[in-house]
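# Topology and contacts: notes
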Amino acid sequence: MTLAETTLLEDPDCRLATAITPVREPTRERGGARDVIVPIPTDFRLASGEKLNQPNVVGRLHGRIGAPVVVVAGGISAGRFVHRTETNGLGWWSGAVSVRGPIDLSRLQVLAVDFAPGAEFLDKPVTITTQDQARLLALVLNHLKIERVAALVGCSYGGMVGLAFAELFPDWAEQLIIVSAAHRAHPQATAWRGIQRRILQFAVAAGRPEEGVALARELAMTTYRTAEEFDDRFDTTAPAAVGGAYPVCDYLTARGQAYRTHTTPARWLSMSDSLDRHSVTPEAITTPVTLIGFISDRLVPIDDIRELAARLPTLWRFVEAPSLYGHDAFLKEDAFVGDILRAALKDIKV
């Protein structure tokens, strides 16, 4: 794999010297993790002025008790189950977060949070921004009395939230590691997501909400991956008659059906809109940043990530690379992303 790389502030002496705040929690569930349930203050309001219906924000601590804390945040479908646990299967990023893995649970503690709004508390969409998500993360950190985190690792939507967090709270994270995210939503990505939202609204109006979720997911899957991968995986054999399914359509239908009860139209509409509202000022982010982008990513084009890299005042390292997997490369390119994570996190004192 060939890649282009820009590295700034490589000398460890240039890194911030502020002590990292460990969390000492004596109780863990089997599997080395436990939930943290934090009440949302009654006066908490979103930037839109709306109030969340849910009473709590829920996070999960994984890893070694008393170790430095790394916050990990993923895409809009990700949540607090980042690592393999007995209660939730494999977790959404066990390839990176594991004992002796790139984010090593034998020497670090990982905090992951469920993004708001929770589907179970939502009967209609809410207007929520990445800055709102950052403020909710701050509630969890305050509850745990964490004055400093060793790193915030954000991928896709979680990377957007990470950038917003650093803009709002410049002294809370020692460093950012941002993967497949930029300072804005690209108009083409907004166009695709806008179609998904209209599909959902049409399905809800027709009284078929789950079918709307499934169909919107099918369209979303075509934006996550690349034309090259689809060409490798699927032939173009035509069905016997019009209306039959082509091989790629069978795949997309299966992915949509698997997702139809995973979320609700109201939550999808809220999170999809949040992606498109995302905007930060790179020059305002003073936390050192490691930035990873993939040339084949159509949702977050590499030119946007290059612009972000050029405008960040404290860029540690910028790596761009090809991938067959487009936007999903952060989930699929385990070895490549893992090497960068190890390098960025190796100097954390435990």
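Note that residues are indexed from 1 along each chain, following the sequence as it is written. It should be noted that, the model being predicted, local features are given only for residues of pLDDT at least 70 and side-chain atom pairs only at 80 or more, the latter also being counted only at that level, while totals for whole chains, interfaces and linings use all residues. Working from all heavy atoms in the structure, the side-chain values ignore hydrogens and water.

## Section: the overall build of the chain
Condition: We count a stretch as a helix when DSSP gives it H or I for four or more residues in a row; a strand needs E for two or more, and each element gets its number in order from the N terminus. All radius of gyration figures rest on C-alpha atoms, and the globule criterion is 2.2 Å times the number of residues raised to 0.38. Accessible area is worked out with a 1.4 Å probe on protein chains only. A residue is then buried under 20% of its type maximum, exposed over 50%, and partly exposed in between. The contact criterion used is simple: two residues touch if any of their non-hydrogen atoms lie within 4.5 Å. Using a 1.4 Å probe, the Shrake-Rupley method yields the accessible areas, and only the shown protein chains count as cover for residues. Asp and Glu count as negative and Lys and Arg as positive, but His and the ends of the chain are not part of the count. Throughout, a charge is located at the NZ atom of Lys, the CZ atom of Arg, the CG atom of Asp or the CD atom of Glu.
In terms of regular secondary structure, the chain is built from 10 helices and 11 strands. For 350 residues, the compact-globule formula gives about 20 Å, and the C-alpha radius of gyration of the chain, at 20 Å, lands near that figure. Projected onto its principal axes, the C-alpha positions of the chain cover 65 × 50 × 40 Å. Counting over 350 residues, the chain shows a buried share of 55%. Partitioning the contacts of the chain with sequence separation of at least 6, the portion at a separation of at least 24 is 77%. On the chain, roughly 15,300 Å² of surface is accessible, and the fraction owed to carbon and sulfur atoms is 53%. When the 37 positive and 41 negative side-chain charges of the chain are each reduced to one mean point, those points stand 5 Å apart.

## With respect to the pattern of salt bridges
Defined as follows: Salt bridge, as used here, is a side-chain nitrogen of Lys or Arg placed within 4 Å of a carboxyl oxygen of Asp or Glu.
Applying the stated criterion across every chain, the model contains 19 salt bridges. Close ionic contact of Asp 303 with Arg 306 constitutes a salt bridge, the shortest N to O distance being 2.9 Å. Of the two residues, Asp 303 and Arg 306 both sit in helix α8 (residues 302–311), 3 residues apart, roughly one turn of that helix. A relative accessible area of 51% places Asp 303 in the exposed class. Relative accessible area serves as the criterion here: at 34%, Arg 306 is assigned to the partly exposed category. Where salt bridges share partners, they join Asp 35, Arg 60, Arg 80 and Asp 114 into one cluster.

## Here's the deal with the packing of aromatic side chains
Describing an aromatic ring pair means giving the distance of the ring centres and the angle of the ring planes. Inclusion rule: For Phe, Tyr and Trp, where Trp contributes only its six-membered ring, two rings pair if their centres lie within 6.5 Å, and the inter-plane angle classes them as stacked under 30 degrees, edge-to-face over 60, or tilted in between. Each ring is checked for a lysine NZ or an arginine CZ that lies within 6 Å of its centre and within 35 degrees of its normal; such an atom marks a charge sitting over the ring.
Throughout the structure, instances matching the rule amount to 10 aromatic pairs. The interplanar angle of 50° and the centroid separation of 5.0 Å between the aromatic rings of Phe 165 and Phe 169 together place this pair among those described as tilted. Between Phe 230 and Phe 234 the ring centres are 5.6 Å apart and the planes differ by 70°, which places this aromatic pair in the edge-to-face class. Phe 234 sits in the buried class, given a relative accessible area of 16%. Three or more aromatic residues joined by ring pairs form one cluster here, namely Phe 165, Phe 169 and Trp 172. Against the face of Tyr 259 rests Arg 217, its NZ or CZ located 4.0 Å from the ring centre. The cationic tip of Arg 233 hangs over the ring face of Tyr 251; the distance from NZ or CZ to the ring centre is 4.6 Å.

## Re the nonpolar core
Our working rule: The set of buried Ala, Val, Leu, Ile, Met, Phe, Trp, Tyr and Cys residues whose side-chain atoms join them within 4.5 Å is what this entry labels a nonpolar core.
In terms of nonpolar packing, the biggest core is built from 74 residues, with Leu 111, Leu 141 and Leu 291 touching the most fellow members. Filtering out sequence-adjacent residues up to four positions away, Leu 111 remains in contact with Gly 59, Arg 60, Leu 61, Val 69, Val 70, Val 71, Val 72, Leu 137, Val 140, Leu 141 and Leu 144. Ranked by size, the runner-up nonpolar core spans 32 residues in total, among them Val 110, Cys 155, Ile 292 and Phe 330.

## Points about the packing of helix α1 (residues 130–143) against helix α2 (residues 157–168)
For the record, the criterion: Convention adopted: a line fitted to C-alpha atoms gives each axis, helices being fitted over their contacting stretch, and angles between N-to-C directions are expressed from 0 to 180 degrees. Any angle that falls under 35 degrees is termed roughly parallel, while one over 145 is termed roughly antiparallel, one within 65 to 115 roughly perpendicular, and all others oblique.
Following both chains from N to C, one finds α1 and α2 inclined at 75°, their axes separated by 8 Å at the closest point. The pairing of α1 with α2 is recorded here as roughly perpendicular in orientation. Counting all contacts with α1, which are made through Thr 130, Gln 131, Gln 133, Ala 134, Arg 135, Leu 137, Ala 138 and Leu 141, the residues of α2 involved are Tyr 157, Met 160, Val 161, Ala 164, Phe 165, Glu 167 and Leu 168.

## Overview of unusual backbone geometry
Cis geometry is found at the peptide bond from Ala 116 to Pro 117, where omega equals 0°. Within the secondary structure, Pro 117 sits in the loop between β7 (109–113) and α1. Phi is positive for Lys 145, close to 60°, though the residue is something other than glycine. A positive phi is found at Ser 180, a non-glycine position, where the angle reads about 55°. Mapped onto the elements, Ser 180 comes out in the loop between β9 (176–179) and α3 (187–205). For Ser 180, a relative accessible area of 1% puts it in the buried group.

## Observations concerning α2
For the α-helix, the turn length of 3.6 residues means that residues three or four positions removed from each other point alike. Condition: A helix is expected to span 1.5 Å multiplied by its residue count minus one.
If you check α2, its first and last C-alpha atoms are 17 Å apart, about what 12 residues at 1.5 Å a residue would give, namely 16 Å. Counting buried residues in α2 gives 10 out of 12 residues, a clear majority hidden from the surface. Buried positions along α2 lie against β4 (69–73), α1, β8 (151–155), β9, α7 (265–277) and α8.

## Remarks on α1
Defined as follows: The definition of a polar contact used here is a pair of N or O atoms within 3.5 Å, where within protein one atom must be able to donate a hydrogen and the other to accept one, and adjacent residues in sequence count solely through side-chain atom pairs.
End to end, α1 covers 20 Å across 14 residues, agreeing with the expected 20 Å (1.5 Å per residue, within 8%). Taken across its 14 residues, α1 has 11 buried, putting it largely inside the fold. Inspection of α1 places Thr 130, Gln 131, Asp 132, Gln 133, Ala 134, Leu 136, Leu 137, Ala 138, Leu 139, Val 140 and Leu 141 among the buried residues, and these make up the whole buried set. Where α1 begins, one side-chain oxygen reaches toward the backbone nitrogen of Gln 131, 3.3 Å away; that side chain belongs to Thr 129. Of the residues one or two after α1, Lys 145 is the one with positive phi, at around 60°.

## Considering the packing of helix α4 (residues 209–224) against helix α6 (residues 247–259)
For clarity, the threshold we go by: Two helices that cross are described as forming a left-handed crossing if the nearer one is turned anticlockwise from the farther one by less than a right angle, and a right-handed crossing if clockwise.
Across the interface, α4 lies against α6 with an axial gap of 8 Å and an inter-helix angle of 130°. In this view, α4 runs oblique relative to α6, as classed from their interaxial angle. In the crossing of α4 with α6, the sense of the turn from one axis to the other is right-handed. Between α4, through Val 213, Ala 214, Arg 217, Glu 218, Met 221 and Thr 222, and α6, the contact on the second element is made entirely by Tyr 251, Leu 252, Thr 253, Arg 255, Gly 256, Gln 257 and Tyr 259.

## So, the confidence of the model for the chain
Put simply, the rule reads: For every residue, the predictor assigns a confidence score, pLDDT, that lies between 0 and 100.
Mean pLDDT over the chain works out to 90, with 90% of the residues at or above the 70 mark. Note on residues 6–19: pLDDT under 50 across the span, and 25 contacts to partners over four residues away in sequence or across chains.

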